[in-house]
Number of protein chains: 2
Amino acid sequence: MKQSGNDALLPTLEAPATINDVAQLAAVSRATASRVLGDYGTVKAETRTIVLAAAARLGYVPNVIARSMRAGKTLTLGLVIAEIGLSVFDTAMRVVIDSARAYGYQVLVSNTNEELQAERTAIRVMLEKQVDGLIVVSSSVTDLDFLNPRNLQGRPIVLLDRTLAPLGLSSVTGANRQGAVDAVAHFIANGHTKIGLVVFTANVEGETAHQPLGLISSIHDRIEGYYSAMAAAGLPVNPDWVRFTGDADVSAYSAVGSILDAEDAPTALLASNGNMSLAVLKVAKARGLLIGRALSLVGFDDAPWASIITPSITVVNVPIEEMARVAVENLIGQISAATDAGSAELPMNLVLRESVADLRTA
Amino acid sequence: MKQSGNDALLPTLEAPATINDVAQLAAVSRATASRVLGDYGTVKAETRTIVLAAAARLGYVPNVIARSMRAGKTLTLGLVIAEIGLSVFDTAMRVVIDSARAYGYQVLVSNTNEELQAERTAIRVMLEKQVDGLIVVSSSVTDLDFLNPRNLQGRPIVLLDRTLAPLGLSSVTGANRQGAVDAVAHFIANGHTKIGLVVFTANVEGETAHQPLGLISSIHDRIEGYYSAMAAAGLPVNPDWVRFTGDADVSAYSAVGSILDAEDAPTALLASNGNMSLAVLKVAKARGLLIGRALSLVGFDDAPWASIITPSITVVNVPIEEMARVAVENLIGQISAATDAGSAELPMNLVLRESVADLRTA
DNA sequence: CTGAAAGCGCTAACAC
DNA sequence: GTGTTAGCGCTTTCAG
């Protein structure tokens, strides 16, 4: 049933064609085949045509794995994300993948669900897979020696969205502190004095009024921005106005509920991320509190729905697209030029919409 | 400055340790080192300890690339997504990545932005990188021979969300037709007779009333469901009620606008995906049309914001998490058992909320 | 301009 | 139990 002649070399359901098959069919040496397929060295035009034809005939696909092994580079980047599903990180993923491709790199993605152990494993696996560099949205704050360059096989790394001060790694973050300050200032400018804060942070069970240890830098900075802006305005912060929650559903709802149930409940709430904004909306809706009227809200992250719902939500825009792009450029820079591009902190800007009531006119 | 003795073998900023280094430091053969590091064969407990110690000392990380080359498997899956950023695909990504990891696979992700050329390149690159299998959200309808198994190097593939009938590949989709039928039936049950349809489809410039050729299967089926449900109810479809748009912003808005401007404008709109729902909300907001009152809406995809905004949006829920999970299982099945798991169509269910007005009581 | 041969890091027969 | 050896698919000196 086999076909005769050279056709016997044609692709079957068996092993894919290798460069040897191409060389054989083209009746040249493996080296020559490699030269034309890899597009280097010098080959007679005629020979080149023959080899190309053979390759096409066989449906030859270069084995980049083998090539990588020799070259020591995989043209692959590792992206470790703390939480796929958070709008901001989904966007980061898209931008990282797209910009990496523009540089000829593919991206291996891992999700850690904010778990340190998963993060450690993800990094290890990517190192084993010989990624040329890493972009990491880390959830670790302690036990982070696995991110120490000494344990990174000499592979460059860029932290995205969150820094890890002790390691001195290059990072691309947003100006979280300033973002929170601007948000609080905006509330104050609109006559609010009782301003609450609801924080999503993975490292807590349920909800609590007590600020947990080991916050990631971005959240830490937002909280600090909140407190310092309040202090700067001479406004006291009632502990009842601040809550930390470990999930975006039930605990988040009860966290928001606790704040609203306070004797001296705030008129305004700053939500630490997009999911927390949704939680506030949810609770407000359940209680019949009109956002932008009975309750004011500013969130972080300009999710697609924020501008479209009624009322639209005033947010501190996290410039995640630019951050992701810069992270890739920084990483590629480190890879190709072995030059540490240092760290960048990109400004955040307040996007004014309809969710903050003006108490001065009331 | 070099340290003396064996310490000279310790990791430096130079090349990462190989199995040879480990073997040498442990004073055993490469094979033995490989046995303990790869955890196979039999090694004396004592020897194993020594090797392990040497590996730890050197910070040895196995080179999975080299291992892959020998084994012919990379434990890597390729995920080609038509449009990262669409909530439904972001979710798919998360689930694919997480379930793949549960099986010991990593995921290489590519984004095609619904461009055929990008899709073709992405597949080629992934094949070159020797992924063990592919999950593809394809935007192609024509020119799809690159997805023909004959051109896939024998690598299994599962189509997600969209089928490609002519190729007979295994796929995991939602029951799009039925979903649309249910949505229309729901409108009708609530007394609506003038029901519009606004469709997002990459293969059109701007907006048009004319159904474009080459629709992807999911959209095709939704449209067909719409028309057949209308027909089944004996309801005429005014061509002014149906629009197709190629982007989710300006054209989408004008598409919705066109429909609402029709002389005999519909009271209800079916939006073909989450982004189109947002477009409808946007236009309705701009025109002061209250959703669930002056205009009724049912969308596809149960995005996180859909249940939380006011009014909450009735949607046809695309069971994307389950679809993604099944796709991974199907693919892993094909990889390990070489057994084609066939195709699956998962039911969609209508999630009733507040965006459909009951015209019977009016 | 082309071929022979070595070797990237690892595993797996096959010996001993 | 352990070492020797061959070789996965590819690139790259080094000869010719």
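Residues numbered from 1 in each chain as written. Chains lettered and ligands numbered in written order. Predicted model: local features only at pLDDT ≥ 70, side-chain atom pairs only at ≥ 80, totals over all residues. Heavy atoms only, no water.

1. A short note on the pairing of strand 3 (residues 133-136) of chain A
Residue and element names in this part refer to chain A.
Step number 1: Burial of strand 3 is two-sided: the residues Gly133 and Ile135 facing one way and the residues Leu134 and Val136 facing the other way are all buried.
Step number 2: Of the strand pairs in this sheet, strand 3 and strand 4 (residues 157-160) are connected by three bridges, and their pairing is parallel. The residue bridging Leu134 from the neighbouring strand is Ile157, located in strand 4. (Buried < 20%, exposed > 50% of the residue type's maximum accessible area, 1.4 Å probe, protein only. Helix = DSSP H or I, 4+ residues; strand = E, 2+ residues; numbered from the N terminus. Pairing = 2+ DSSP bridges.)

2. Describing the protein's contact with DNA strand D
Step number 1: Near DNA strand D, the surroundings consist of 25 residues, among which Ile19(A), Tyr40(A), Arg67(A), Thr47(B) and Arg70(B) are the closest.
Step number 2: Each atom of DNA strand D within 4 Å of the protein was classed as base or backbone; sugar and phosphate made up 54%.
Step number 3: Here Tyr60(A) contributes a side-chain N or O atom positioned 2.6 Å from a phosphate oxygen of DNA strand D.
Step number 4: The contact in question runs from a phosphate oxygen of DNA strand D to an N or O atom on the side chain of Thr47(B), over 2.5 Å. (Near = heavy atom within 4 Å. Polar contact = N/O pair within 3.5 Å; in protein donor to acceptor, adjacent residues only side chain to side chain.)

3. What to know about the domain arrangement of chain A
Where interface size is given, it is often the accessible area lost as the parts come together that is meant.
Step number 1: If you check the domain split of chain A, you get domain 1 (5-62), domain 2 (72-173 + 320-345) and domain 3 (176-319 + 349-361).
Step number 2: Each of domain 1 of chain A and domain 2 of chain A has a C-alpha centre, and these two points are 37 Å apart. (Domains from an automatic or database assignment.)

4. As for the protein's contact with DNA strand C
Step number 1: Surrounding DNA strand C, one finds 25 residues, the nearest of these being Thr47(A), Arg70(A), Ile19(B), Tyr60(B) and Arg67(B).
Step number 2: In this structure, a phosphate oxygen belonging to DNA strand C sits 2.4 Å away from a side-chain N or O atom of Arg67(B).
Step number 3: Counting only elements with at least two residues in the surface near DNA strand C, the list comes to helix 2 (30-38) and helix 4 (64-71) of chain A together with helix 2 (30-38) and helix 4 (64-71) of chain B.
Step number 4: Counted by class, the surface near DNA strand C contains eleven nonpolar, seven polar and seven charged residues. (Nonpolar A, V, L, I, M, F, W, Y, C, P; charged D, E, K, R; others polar.)

5. Some points on helix 10 (residues 274-287) of chain A
Residue and element names in this part refer to chain A.
Step number 1: Taking 1.5 Å as the rise per residue, helix 10 with 14 residues should run 20 Å; its terminal C-alpha atoms sit 20 Å apart, in good agreement.
Step number 2: For helix 10, the set of buried residues is Gly274, Met276, Ser277, Leu278, Ala279, Val280, Leu281, Val283 and Ala284.
Step number 3: Buried-residue contacts for helix 10 involve strand 6 (195-200), strand 8 (242-245), helix 9 (250-261), strand 9 (268-271) and strand 10 (296-300).
Step number 4: Two to three positions downstream of the cap, the backbone nitrogen of Asn275 sits 3.0 Å from a side-chain oxygen, assigning the N-cap of helix 10 to Asn273. (Expected span 1.5 Å × (residues − 1). Contact = heavy atoms within 4.5 Å.)

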